[in-house]
Amino acid sequence: MAHEGKRIRAAREGIEATKLYPIAEAIKLVKDKASAKFDETVEISMNLGVDPRHADQMVRGVCNLPNGSGRTVRVAVFARGAKADDAKAAGADIVGAEDLLEIVQSGKIDFDRCIATPDMMPLVGRLGKVLGPRGLMPNPKVGTVTMDVKGAVAGAKGGSVEFRVEKAGIVHAGIGKVSFDADKLVENIKAFADAVSKAKPAGAKGTYIQRIAVTSSMGPGVKVEPASVLTA
């Protein structure tokens, strides 16, 4: 524990706890302070001026990161016939209908994203209690209920990230890896922040995006000046 505390204190050196850093400087600090033996994920957290308990203040959407996420995403698709063929051709890891339903019901969920064609939703709906709590339930609002399964699979594989505000009004996501060039991380962050900004709900009052911070998986958080991230 003493060693862990020493490591954390060393990582925080040079980072002012109350300072808001321009995004380029914040990313430089995150990259410099990443000391794990693996390629850490760079994460963004955004505090929003919403109360998700109210339906008109829910924030949810999807962002296609211009430089990918650096993650290997396993994709499952509920589809039949030609659409199932499209999903396989696009690189989906698991494709099926009733057979895939049985696999999921058995407790084997070996995928990170679930996509379905609209006609499959009565079947997929039976998995709500299994997929819902894991954030895997297909939803048309984030493009995972669609006839364009080829595009949806390609997006998931290419670095699209879903986001959904938590009870405390916070949205967070992994937007790349420490090994990415700094300018690519900045570009991904700006794209993500723009997507969250465009998802502003009708019921939001006052300042919508209140605080932004970035960090790596094992590193300290760095507070970011919102104006350096948000486009006009």
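What you see is a predicted model, and the numbers here were worked out from it, not measured in a lab. Per-chain numbering applies: the sequence of each chain, read as written, is numbered from 1 onward. Residue-level local features of this predicted model are given only where pLDDT is at least 70; pairs of side-chain atoms are given and counted only at 80 or more, and the full residue set underlies all totals for whole chains, interfaces and linings. Hydrogens and water are ignored here; the side-chain numbers use all heavy atoms of the structure.

Draft legend 1. A look at the sheet that holds strand β8 (residues 209-216). We treat two strands as partners when DSSP finds at least two bridges between them. Counting from the N terminus, the helices are the DSSP runs of H or I reaching at least four residues and the strands are the DSSP runs of E reaching at least two. The four strands are arranged β7-β1-β8-β9 in an open sheet whose pairing can be described as antiparallel. For this open sheet the edge positions go to β7 (170-177) and β9 (222-224), each flanked by a neighbour on one side alone. Between one strand axis and the next, the sheet turns through 25° on average, direction left out of account. In this description, contact between two residues means that some pair of their heavy atoms is separated by no more than 4.5 Å. Throughout, an axis means a line fitted to C-alpha atoms (over the contacting stretch in the case of helices), and angles, computed between N-to-C directions, take values from 0 to 180 degrees. Of the strands in this sheet, β1 (41-48), β7 and β8 are in contact with helix α8 (residues 182-198), which crosses β7 at around 155°.

Draft legend 2. Fine view of helix α7 (residues 149-158). For every residue, the accessible area (1.4 Å probe, protein chains only) is compared with the maximum for its type, and the residue is labelled buried under 20%, exposed over 50%, or partly exposed between those bounds. Within α7, the full set of buried residues consists of V149, A152, V153, G155 and A156. Projected down its long axis, α7 shows its buried positions confined to an angular sector of 160°, all on one face. Buried positions along α7 lie against β2 (60-64), β3 (75-78), α3 (81-90), β5 (113-116) and β6 (160-164). Where α7 ends, the next residue or the one after it, G159, has phi of about 125°, a positive value. This arc is built from the directions going out from the helix axis to the C-beta atoms.

Draft legend 3. Broad picture of the confidence of the model for the chain. Scored from 0 to 100, pLDDT records how confident the predictor is in each individual residue. Per-chain confidence: the chain averages 90 in pLDDT, with 94% of residues scoring 70 or above. Looking at the elements of the chain, mean pLDDT is at its lowest for helix α1 (residues 2-12), recorded as 59, and at its highest for β3, recorded as 97.

Draft legend 4. Up close: the nonpolar core. Put simply, buried Ala, Val, Leu, Ile, Met, Phe, Trp, Tyr and Cys residues joined by side-chain atoms within 4.5 Å make one nonpolar core. Membership of the largest hydrophobic core comes to 39 residues, with the highest contact counts inside it found for M46, L48, F192 and V214. No other element matches α8, which puts seven residues into this core. Grouped together as the second largest cluster of nonpolar side chains are 17 residues, C114, A116, L136 and M137 included.

Draft legend 5. The pattern of salt bridges, seen in detail. A pairing counts as a salt bridge when a side-chain nitrogen of Lys or Arg comes within 4 Å of a carboxyl oxygen of Asp or Glu. Under the defined criterion, the tally for this structure stands at ten salt bridges. Residue D112 is joined to R71 by a salt bridge in which the shortest nitrogen-to-oxygen separation is 3.8 Å. Linking D112 in the loop between α4 (98-105) and β5 with R71 in the loop between β2 and β3, this pair joins segments that are 41 residues apart in sequence. Look at R71 and you get partly exposed, because its relative accessible area is 47%. One salt bridge connects E162 with R113, and the closest N-O pair in it is separated by 3.4 Å. Of the two residues, E162 sits in strand β6 while R113 sits in strand β5, which places them 49 residues apart along the sequence. Taken together, the shared-partner salt bridges connect R74, D93, D110 and K157 into one network.

Draft legend 6. Local environment of the packing of helix α2 (residues 23-33) against α8. Closest axis-to-axis distance for the α2/α8 pair is 10 Å, and the angle between their directions is 120°. Viewed along their axes, α2 and α8 adopt a mutual orientation that is oblique. Where α2 crosses over α8, the two elements pack in a sense that is right-handed. For the pair α2 and α8, contact is made by I23, A24, I27 and K31 and by A182, L185, V186, I189 and K190, respectively. Class assignment of the residues belonging to the contact of α2 with α8 gives a composition of seven nonpolar, no polar and two charged. Roughly parallel means an angle under 35 degrees; roughly antiparallel means over 145; roughly perpendicular covers 65 to 115; every other angle is labelled oblique. Here a crossing is called left-handed whenever its near helix is offset anticlockwise from the far helix by less than a right angle, and right-handed whenever the offset is clockwise. All residues other than Ala, Val, Leu, Ile, Met, Phe, Trp, Tyr, Cys, Pro, Asp, Glu, Lys and Arg, Gly among them, are scored as polar; the first ten of these are nonpolar and the last four charged.

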